[in-house]
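Structural features, examined
The chain contents come next:
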Amino acid sequence: SPNSPGPDMEMTSWMAAAIGWPKDCSELPAGSPSGIYIIQPTGLHQLVVYCEMNVTDGGWTVIQRNRYNTEITWAESWSTYKYGFGNVQTDYWLGTEYIYQIAKQKVYQVKFVIWDATNATKFADYNLFSVEDMSQGYRLRLGSYTGTAGDAMASSSYVHDNMKFSAKDQDQDTYSGNCASSYGGGWWYSACYSVRLNVKGAITWGSLCNGNCKASAILIKPSPYC
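Residues numbered from 1 in each chain as written. Predicted model: local features only at pLDDT ≥ 70, side-chain atom pairs only at ≥ 80, totals over all residues. Heavy atoms only, no water.

**Considerations on the overall build of the protein chain**
Applied cut-off: Numbering goes from the N terminus for both helices and strands, where a helix is a DSSP run of H or I of at least four residues and a strand is a run of E of at least two. Radius of gyration: over C-alpha atoms. The globule rule applied is 2.2 Å multiplied by the number of residues raised to the 0.38 power. To sort residues, take the accessible area from a 1.4 Å probe on protein chains only and compare it with the maximum for the residue type: under 20% means buried, over 50% means exposed, and anything in between is partly exposed.
Scanning the protein chain from terminus to terminus reveals four helices and 13 strands. Against the globule reference of 17 Å for 226 residues, the protein chain gives a C-alpha radius of gyration of 18 Å, in line with a compact fold. Taken over the C-alpha atoms alone, the protein chain extends approximately 65 × 40 × 35 Å along its principal axes. For the protein chain, the proportion of its 226 residues judged to be buried stands at 48%.

**Quick look at the nonpolar core**
Formally: We define the nonpolar core as a collection of buried residues of types Ala, Val, Leu, Ile, Met, Phe, Trp, Tyr and Cys that are connected through side-chain atoms lying within 4.5 Å of one another. By definition in these notes, contact holds between two residues if any of their heavy atoms fall within 4.5 Å.
Counting 64 residues, the largest nonpolar core has Phe112, Phe129, Met153, Trp187, Leu197 and Trp205 as the members making the most contacts within it. With near-sequence residues (within four places) excluded, Phe129 lies in contact with Ile63, Ile99, Ala103, Tyr108, Gln109, Val110, Leu140, Arg141, Leu142 and Ile220.

**Some remarks on the sheet that holds strand β11 (residues 204-205)**
Inclusion rule: What makes two strands pair is DSSP finding at least two bridges between them.
Judged by pairing direction, the sheet is antiparallel, and its three strands sit side by side in the order β10-β11-β12 without closing on themselves. Here the strands that pair on one side only, and so sit at the sheet edges, are β10 (195-196) and β12 (209-210). In the sheet, β11 pairs with β12 via two bridges, with the strands oriented antiparallel. Residue Thr204 lies in a different strand from β12, and its bridge partner there is Asn210.

**A short note on the environment of Asp171**
The test is simple: Polar contacts, as used here, are pairs of N or O atoms within 3.5 Å; protein pairs need one atom able to donate a hydrogen and one able to accept it. Residues neighboring in sequence count only if both atoms are side-chain atoms.
The topology assignment puts Asp171 in the loop between β9 (145-147) and α4 (179-183). Residues Asp171 and Gly137 lie 34 residues apart in sequence; the distance between their C-alpha atoms is 10.0 Å. There is a polar contact of 3.3 Å between the side chain of Asp171 and the backbone nitrogen of Asp173.

**Focus on the pairing of strand β7 (residues 121-131)**
Direction of pairing for strand β6 (residues 108-115) relative to β7: antiparallel, over a ladder of seven bridges. By the bridge assignment, Lys111 is partnered in β7 with Asp125. The antiparallel hairpin formed by β6 and β7 contains five residues in its connecting segment, where Asn119 sits at a positive phi of about 70°. In this structure, β7 lies alongside strand β8 (residues 140-142), joined through three bridges in antiparallel fashion. The residue bridging Phe129 from the neighbouring strand is Leu142, located in β8.

**Re unusual backbone geometry**
Residue Ala191 is joined to Cys192 through a cis peptide bond whose omega torsion reads 5°. Note that Cys192 resides in the loop between α4 and β10. In the Ramachandran plot, Thr56 falls in the positive-phi region, its phi being about 40° despite a non-glycine side chain. Not every positive phi belongs to a glycine, and Trp74 is a case in point at roughly 75°.

Quick look at the structure:
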């Protein structure tokens, strides 16, 4: 009948049931296109994510994406950041808890992709990426930097590496005020920032683009060293 699933769909369903969903985008079959997929990190329910399969050998799980003309405000609460918001097809935050759950499965690396004021694409790669659990404030841990965007996360005057995550109603920065409520969105603030990606209309990456970056994305995948 025309309404019954074809053999490909039946095979896909059977394989998913037999071997489980991919634990992240790096487990997708070779040659898979970029797009929206279901993953299921160890010990967690299924998540809908965007997988970036074209940049640097592919296999990247997108945990953040933003554009200067985004429809979302980013000025969300701690609990909204915890479980994620936005549109996985356009701009979104996957969820701080889910980022933690994915990145604890293996040793991960991270690629920050920044489209600067001229819309040129720049990269900041850190060979290690992890987030501590909620009891530790989702503290960010980054490895060593390589790239073309500049090491704005770890070697600028406002360091983000080793910082706890702050939202407007959960101030964990190192500043006397509240960086998240003053500057638009949840982030790993210090006092306050050299990088601001979770913001509407003022995306910043160090000295590369101060409030006039065109877009950003944060991609993670298991490190090749392990």
